[in-house]
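# Observations on the model geometry
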Amino acid sequence: MTADLTRTDHHVHSTWSDDAVSTTCANLAAARDAGLASVRMVDHVRTSTTYVPEFLAEVAALPPVEGLEVLTGVEAKILDASGRLDVPDDLVVGAGGVDRVLIADHQFPGPDGPWSPRRTLEEIERGLSAQDALGILVEATVRAMERAGRGQLAHVFSLLPKIGLTEADLTDSHVDAVAQAAVRTGTTVEVNEKWRCPGPRVVRAFAAAGVTLVGSTDSHEASSVGRYSWVAGTVAAEDLAVVR
Amino acid sequence: MSDPSPVRVLVTGAGGPAGVAVLRSLARRPDVTLLAADMDRYASGLYLVDEGARFLVEPGLADTFVDSLVALCERERVDVLFSTVDVELPRIAAERKRLDAIGTALAAPSLETLEVCLDKFALARRCADVLPTPRTELLGTTDPESWDYPVIVKPRRGAGSRGVHQVDDADALRALGADEDILVQALLPGDEYSVDTLADADGHVVAAVPRSRLRVDSGVSVAGCTVADRELEQTARRVAEAIGLVGVANVQLRRDAEGRAALLEVNPRFPGAMPLTVAAGVDMPSLALDLALGRPLPDSVPFTELAVVRYLEDVFLDPADVLDAPSDEVAR
């Protein structure tokens, strides 16, 4: 189920994201040149986004490349502790729509909406325990997976360093809760080159639980599509094979 | 709890001398991860930061510029944003709350300070009572016979030396018409100084470093030296207080006929000649970063007298590493 992560890149941004510089076409060529078996074209959305149908039409019109699977997605942040996602109301997921919704921890999903890392640090200083903060984050992530239908966890736990925590602060039951929800909901989980997460302990636990893992560069320009160093060195395919 | 992760700092205007100066200063800090942005893929400062930390952004005047910059800051988890581009600064500062909401601190003076600096007429009015300021009037409302010539005319708003020229008599001034966006200002005959000035969160001036611009090429100082002169420093301090400065500004002074330091204008941003001030002992980009992060600053930072001559430097890279143009490309 988990192919060699480095032959997949399930998080590639194009010019549909306003901070990315390469077209879907340039990314496709880069994916082919990197020898990838699978690439997911992903762009950022928020509730006000209207471009998704055009983006999908553009990807659908790309020339086929033999041996290269082309998938689509939109990336949205988790808005609050209930797992609400920052996606347009009319977003279609599945047939006729995007293949997956990438669930992003761009901000801390507070009970009243997104908290900036600084606000989160202040709440922790004011008495929110680190374990409670992690509990809220894990619960919101689980709920977001349930809401997304077909989801993919983008750079999961990349938020932790910004709120003064690391993956080592996660308990095994936190990790297990995310893994079980991912399996239950069919959510894929990326191992993200750019943010170097999740780390080996979490990746092995996810693999052991049967989570589908994919590689992700979170590329914003074609030259980095399918290029891995941390992912290749940290969680090689043979490690994962041993786990299973 | 672990040590905090590196501070992620985005510097816009990476192609300009000010952007490069800020990048070079902050690159020396081990606790900083640098990101660079510019609208031009050949902007040299982009290539002073790691691959993957280089971003092409829209022109500062584009309608969606601020939206896309805020989005970039959120996705890249930018802790502190330094803008070194004149046209961007007031637009970004007007949206400081949106940046705060996503956890990005803007290392720039307040919008109110920026606005009074960018309107040279408002600036002259603000400072006229607290320090020597050349007589300044609007072209459309002043009597040409009331001036001693020559005088200087310049745009009321605008950066650098664009549109600044000398007018030699009342007839020539009358011939310019009655445009209220043009200023008439008494000519200051003496030497000119740039004073790099940093004020802390309470508006207390931590350092004011006067520089003489010994040689200027295309508006950029290519040779200069810091000058320990109490009067210049004190004048810049009074300007900083008058405009409510928090952060870094470049105060331009010129001596009047009596030899007093008088106010020309204030550029409320990092100057391209900042490396001299840094080398003289006051690392203003680094101090401005601490200020943006809410860390305490020293009460004062001394500087030494130091001269500089400047030269172009080269960054060599694989042609494939030059960022792609943001345009339609066909698959190879």
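Before reading further, recall that the structure is shown in the block above.
The following refers to the structure shown. Quantities reported herein were computed from a predicted structural model and do not represent experimental measurements.

Turning to the overall build of chain B, a few remarks are in order. Across its full length, chain B holds 10 helices and 15 strands. On C-alpha atoms alone, chain B measures out to a radius of gyration of 21 Å, which is about the 20 Å that the 2.2 N^0.38 rule sets for 332 residues. Taking the principal axes of its C-alpha atoms as reference, chain B extends roughly 65 × 50 × 40 Å. Per-residue burial over chain B gives 53% buried out of 332 residues.

This paragraph deals with the interface of chain A and chain B. Each side of the interface is counted separately: chain A has 36 residues, and chain B has 32 residues. Connecting chain A to chain B are six salt bridges. For K194(A), the salt bridge is made with E76(B), and the minimal N-O distance between the two is 2.2 Å. Elements represented by at least two residues in the side of chain A that touches chain B include exactly α1 (24-33) and α3 (117-125) of chain A. A per-element tally of the side of chain A that touches chain B places α1(A) first, with six residues. Per-class residue counts for the side of chain A that touches chain B are 12 nonpolar, 12 polar and 12 charged.

Moving on, we come to the nonpolar core. Core analysis: the biggest nonpolar cluster contains 68 residues, and F157(A), F206(A) and L213(A) have the highest contact counts within it. Per-element tally for this core: the top contributor is helix α4 (residues 130-148) of chain A, with nine residues. Counting residues in each nonpolar core, the second largest holds 66 residues, with A21(B), Y47(B), V66(B) and L99(B) among its members.

Residues and elements named next belong to chain A. Along the polypeptide, E58 turns up in helix α2 (residues 52-60). Sequence spacing of E58 and C25 is 33 residues, and the spatial spacing of their C-alpha atoms is 9.0 Å. If we ignore the near neighbours within four places in the chain, the residues touching E58 are W16 and T24. At 2.5 Å, the side chain of E58 forms a polar contact with the side chain of T24.

Let us now look at the packing of helix α1 (residues 17-26) of chain B against helix α10 (residues 284-292) of chain B. The angle between the axes and the distance between the axes are what describe a pair of packed helices. Residue and element names in this part refer to chain B. The interhelical angle for the contact between α1 and α10, taken along N-to-C directions, is 75 degrees, at an axis separation of 8 Å. In terms of axis orientation, α1 runs roughly perpendicular to α10. Listed contacts from α10 to V22, S25 and L26 of α1 are P285, S286 and L289.

Moving on to the sheet that holds strand β13 (residues 247-255) of chain B. Residues and elements named next belong to chain B. Taken in spatial order, the six strands make up an open sheet running β14-β13-β10-β11-β12-β15, and their pairing is antiparallel. Whereas interior strands pair on both sides, the edge strands pair on one side only; in this sheet they are β14 (261-267) and β15 (307-309). With strand direction ignored, the average angle separating the axes of adjacent strands in the sheet is 35 degrees. Most of the contacts of helix α8 (residues 230-242) go to β13, to which it runs at about 125 degrees, and overall it touches β10 (192-199), β11 (205-217), β13 and β14. Lying over the sheet, α10 contacts β10, β11 and β13, oriented at roughly 30 degrees with respect to β10.

This paragraph deals with the pattern of salt bridges. Residues and elements named next belong to chain A. Considering all chains together, one arrives at 40 salt bridges over all chains under this definition. Here D80 and R84 are joined by a salt bridge, their closest N and O atoms 3.0 Å apart. Residue classification places D80 among the buried residues on the basis of a relative accessible area of 9%. On the basis of relative accessibility, which here comes to 41%, the residue R84 falls in the partly exposed class.

Before going further, it helps to spend a moment on the pairing of β14(B). All names here are of chain B. β14 sits mainly inside the fold: seven of its seven residues count as buried. Here six bridges tie β13 to β14, and the two strands are oriented antiparallel to one another. Looking at the pairing, V251 lines up with V266 of β14. The hairpin formed by β13 and β14 contains five residues between the paired strands, and G259 there has a positive phi angle of roughly 85 degrees.

With that settled, the discussion passes to α3(A). Residues and elements named next belong to chain A. Residues P117, T120, E123 and I124 constitute the buried set of α3. Taken down its axis, α3 places every buried residue within 120 degrees of arc, on the same side. Contact partners of the buried residues in α3: β5 (108-110), β6 (113-115) and α4. Among the residues trailing α3, G127 stands out with phi positive, at a value near 130 degrees.

With that settled, consider unusual backbone geometry. Look at the link from C197(A) to P198(A): it is a cis peptide, with omega at -10 degrees. Within the fold, P198(A) resides in the loop between β8 (188-192) and α6 (200-209). A cis amide bond links Y149(B) with the next residue in sequence, P150(B), at an omega value of 0 degrees. Looking at the element boundaries, P150(B) is found in the loop between β6 (136-138) and β7 (151-155). A positive phi angle, near 30 degrees, is found at H155(A), a position not held by glycine. Looking at where H155(A) falls in the secondary structure, it is placed in the loop between β7 (151-153) and α5 (172-185). Using a relative accessible area of 2% as the deciding quantity, one classes H155(A) as buried. A positive phi angle, near 50 degrees, is found at R196(A), a position not held by glycine.

Conventions and cut-offs
Residues numbered from 1 in each chain as written. Chains lettered and ligands numbered in written order. Predicted model: local features only at pLDDT ≥ 70, side-chain atom pairs only at ≥ 80, totals over all residues. Heavy atoms only, no water. Helix = DSSP H or I, 4+ residues; strand = E, 2+ residues; numbered from the N terminus. Rg over C-alpha atoms; globule rule 2.2 N^0.38 Å. Buried < 20%, exposed > 50% of the residue type's maximum accessible area, 1.4 Å probe, protein only. Contact = heavy atoms within 4.5 Å. Salt bridge = Lys/Arg side-chain N within 4 Å of Asp/Glu carboxyl O. Nonpolar A, V, L, I, M, F, W, Y, C, P; charged D, E, K, R; others polar. Core = buried A, V, L, I, M, F, W, Y, C linked by side-chain atoms within 4.5 Å. Polar contact = N/O pair within 3.5 Å; in protein donor to acceptor, adjacent residues only side chain to side chain. Axes fitted to C-alpha atoms, helices over the stretch in contact; angles between N-to-C directions. Parallel < 35°, antiparallel > 145°, perpendicular 65-115°, else oblique. Pairing = 2+ DSSP bridges. Arc of directions from axis to C-beta.

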